[in-house]
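Descriptive structure summary
Each chain is listed here by its residues.
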Amino acid sequence: MLICKVLKPLVSTNRIPGFEHKHLQVVLDGTSRKVAVDAVGCKPDDWVICVGSSAAREAAGSKSYPSDLTIVGIIDHWEPTAGSTS
Amino acid sequence: MLICKVLKPLVSTNRIPGFEHKHLQVVLDGTSRKVAVDAVGCKPDDWVICVGSSAAREAAGSKSYPSDLTIVGIIDHWEPTAGSTS
Amino acid sequence: MLICKVLKPLVSTNRIPGFEHKHLQVVLDGTSRKVAVDAVGCKPDDWVICVGSSAAREAAGSKSYPSDLTIVGIIDHWEPTAGSTS
Amino acid sequence: MLICKVLKPLVSTNRIPGFEHKHLQVVLDGTSRKVAVDAVGCKPDDWVICVGSSAAREAAGSKSYPSDLTIVGIIDHWEPTAGSTS
Amino acid sequence: MLICKVLKPLVSTNRIPGFEHKHLQVVLDGTSRKVAVDAVGCKPDDWVICVGSSAAREAAGSKSYPSDLTIVGIIDHWEPTAGSTS
């Protein structure tokens, strides 16, 4: 799983119905920004655990949910390494 | 999911029948160009959400569709970071 | 999907039976060489679309085919960016 | 599979129920830190084998377990290459 | 599929039962060392084809085998590019 920092919610009005009404968050993975489905209810600046691969689908609620990156946990305490974002 | 910029449609006359007639788009992921199946109807210069992994198949319409990157949403507002394409 | 350039066929006499007699091609993905199963019948110097992830299996013919990269289409016209191979 | 070094356990109180009570470990993959589910019982400084992709789920105990990186073995003897972490 | 060079067998006494008694090999993918399940019977210095993703499981013998990288063929002749390991 990846250790990412939550940046902000993402708004996408025109999206496939399969996403339902789940919240999408922009997260920082190292230096690249990605989009993750929020399964725990996190807020900007939280350090979170993101699961990818096929596990992201079940983590988002069902085997047919179209996610490849899902936030599955908020890390209690995290110290980013100096000069790094993870 | 990846945040990509749509560049242009891709034409591939000689392709496997499994792709059916869905539109393919060339998208920019950071600095590398990739091909994604268009499930929302986007146009060049749109910033879009692309899902990969096995989730790309169901997002493209069915569990047996041979996609590993599917455009699943158009982002309402996106500001690329300076000197970056995502 | 990746945009790759076909380099040459690959010969592997000692391989698992699951590969059957399908052709393998060495392709160039950016600057790294990979092996892809040829599902369309391509030739050296063709620019092709390669699908990865679990979709590569069905694209190669069946859900149990052991491929993680399958050539699924030949691109009609492709202009590589200057100084790049994709 | 990846060759990683175990750094320390990770505590995430607010996480999805699907993770159950399995231990999570922060591991070092080259120079980047990731989170892996511990299926063997390892301790900091162990060199371990981590499996990713969909295989991480069954390796963690069941096909529906939401892991994309699972520690599946402890390496008996490992010599990291000079100037590298793997 | 990746083109890798076999370095040496890997010994991991404490590993999950799911690995059974199959041989593990340390392989070189470009400049990074990885672990692959050997499905063909290779030896150090062989150039091999490694399959990843979910296809690695069936290539290793069954859909539930916990591999994400399996050696599926030995390349008859391979010339690494100058200054590169693949």
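These numbers were taken from a predicted model, which means no experiment stands behind them. (Residues numbered from 1 in each chain as written. Chains lettered and ligands numbered in written order. Predicted model: local features only at pLDDT ≥ 70, side-chain atom pairs only at ≥ 80, totals over all residues. Heavy atoms only, no water.)

Okay, the overall build of chain A next. Assigned secondary structure in chain A consists of one helix and six strands. Along chain A, helices and strands appear, N-terminal first, in the series β-β-β-β-β-α-β. Its C-alpha atoms give chain A a radius of gyration of 13 Å, within 12% of the compact-globule value 12 Å for 86 residues. The dimensions of chain A, computed from C-alpha atoms along their principal axes, are 40 × 25 × 20 Å. When burial is assessed residue by residue, chain A has 58% of its 86 residues classed as buried. At a minimum sequence separation of 6, the contacts of chain A that also span at least 24 residues come to 53%. (Helix = DSSP H or I, 4+ residues; strand = E, 2+ residues; numbered from the N terminus. Rg over C-alpha atoms; globule rule 2.2 N^0.38 Å. Buried < 20%, exposed > 50% of the residue type's maximum accessible area, 1.4 Å probe, protein only. Contact = heavy atoms within 4.5 Å.)

All names here are of chain C. Looking at where Asp-38 falls in the secondary structure, it is placed in strand S4 (residues 32–38). Of the side chains bearing the opposite charge, Lys-22 lies closest to the buried Asp-38, which forms no salt bridge; the N-O distance is 9.8 Å. Separated by 3.0 Å, the side chain of Asp-38 and the backbone nitrogen of Val-40 make a polar contact. In this structure the side chain of Asp-38 is engaged in a polar contact, spanning 2.9 Å, whose partner is the backbone nitrogen of Cys-42. Once residues lying within four places of it in the same chain are set aside, the contact partners of Asp-38 are His-23, Gln-25 and Ile-71. (Lys, Arg positive; Asp, Glu negative; His and termini not counted. Salt bridge = Lys/Arg side-chain N within 4 Å of Asp/Glu carboxyl O. Polar contact = N/O pair within 3.5 Å; in protein donor to acceptor, adjacent residues only side chain to side chain.)

What follows concerns the interface of chain D and chain A. Each partner contributes residues to the interface: chain D has 24 residues there, and chain A has 23 residues. Across the chain D to chain A interface the summed buried area is about 1,900 Å²; carbon plus sulfur atoms make up 58%. If you look at where chain D meets chain A, you find one salt bridge. Inspection of the chain D/chain A interface yields eleven residue pairs in polar contact (both at pLDDT 80 or more). At the level of secondary structure, the elements contributing two or more residues to the side of chain D that touches chain A comprise strand S2 (14–15), strand S3 (24–29) and strand S4 (32–38) of chain D. Examining the composition of the side of chain D that touches chain A, we find that five residues originate from one element, S4 of chain D, more than from any other. For the side of chain D that touches chain A, the per-class residue count stands at eleven nonpolar, seven polar and six charged. (Buried area = accessible area lost by both parts, 1.4 Å probe. Nonpolar A, V, L, I, M, F, W, Y, C, P; charged D, E, K, R; others polar.)

Let us now look at the relation of the copies chain D and chain A. Superposing chain D onto chain A requires a rotation of 72° together with a translation of 0.0 Å along the rotation axis, leaving an RMSD of 0.0 Å. In short, the pair behaves as if placed about a five-fold rotation axis. (Least-squares fit on C-alpha atoms with pLDDT ≥ 70 in both.)

As a further point, take the pattern of salt bridges. Per the counting criterion, the structure on display carries 15 salt bridges over all chains. Its salt-bridge partner being Arg-57 of chain A, residue Glu-58 of chain B comes within 3.3 Å of it at the nearest N-O pair. Of this pair, Glu-58 of chain B sits in helix H1 (residues 55–59) while Arg-57 of chain A is found in helix H1 (residues 55–59), placing the two residues in two different chains. Across the pair Lys-43 of chain E and Asp-46 of chain E runs a salt bridge, and its minimum N-O distance is 3.2 Å. Judged by relative accessible area, Lys-43 of chain E falls into the exposed class, the value being 52%.

Attention now goes to a positive patch on the surface. Judged by side-chain charge, Lys-63 of chain A, Lys-63 of chain B, Lys-63 of chain C, Lys-63 of chain D together with Lys-63 of chain E come together as a positively charged surface patch. On the secondary structure map, Lys-63 of chain E appears in the loop between helix H1 (55–59) and strand S6 (69–74). (Patch = residues over 30% accessible without salt bridge, like charges linked within 9 Å, V, L, I, M, F, W, Y side chains within 5 Å. Areas by Shrake-Rupley, 256 points an atom, 1.4 Å probe, with all protein chains shown as cover. Charge placed at Lys NZ, Arg CZ, Asp CG, Glu CD.)

This paragraph deals with the interface of chain B and chain C. Residue-level contacts link 24 residues of chain B with 23 residues of chain C. Carbon and sulfur atoms make up 58% of the surface buried where chain B meets chain C, a total of about 1,900 Å² over both sides. The interface formed by chain B and chain C contains one salt bridge. If you look at where chain B meets chain C, you find eleven residue pairs in polar contact (both at pLDDT 80 or more).

Time to look at the relation of the copies chain B and chain C. Between the two copies, chain B and chain C, the superposition gives an RMSD of 0.0 Å; the rotation angle is 72° and the shift along the axis is 0.0 Å. Interface overlap between copies is the fraction of interface residues in one copy that are interface residues in the other; for chain B against chain C it is only 8%, indicating separate surfaces.

Moving on to the environment of Asp-38 of chain B. All names here are of chain B. In this structure Asp-38 comes out as buried when scored by relative accessible area, which is 11%. In this structure the C-alpha to C-alpha distance between Asp-38 and Pro-66, which are 28 residues apart in sequence, comes to 13 Å. Side chain to side chain, Asp-38 and Gln-25 meet in a polar contact 3.4 Å long.

Summarising the model, chain A shows a mean pLDDT of 93, and 94% of its residues fall at 70 or more. Across the predicted assembly, pTM comes out at 0.94 and ipTM at 0.94. (pLDDT = per-residue confidence, 0-100.)

This part is about the arrangement of the chains. As for chain C relative to chain A, no contact occurs, and the smallest C-alpha gap between them is 9 Å. Between chain B and chain E there is no contact, and the shortest C-alpha to C-alpha separation is 9 Å.

Before going further, it helps to spend a moment on the environment of Pro-80 of chain C. All names here are of chain C. Along the chain, Pro-80 falls in the segment after strand S6 (69–74). Since its relative accessible area comes to 37%, Pro-80 is described here as partly exposed. Residues Pro-80 and Ile-3 lie 77 residues apart in sequence; the distance between their C-alpha atoms is 9.7 Å.

All names here are of chain C. One non-glycine residue, Glu-20, lies in positive phi territory at about 55°. Within the element layout of this structure, Glu-20 appears in the loop between strand S2 (14–15) and strand S3 (24–29). With a relative accessible area of 46%, Glu-20 lands in the partly exposed category. In the Ramachandran plot, Asp-45 falls in the positive-phi region, its phi being about 80° despite a non-glycine side chain.

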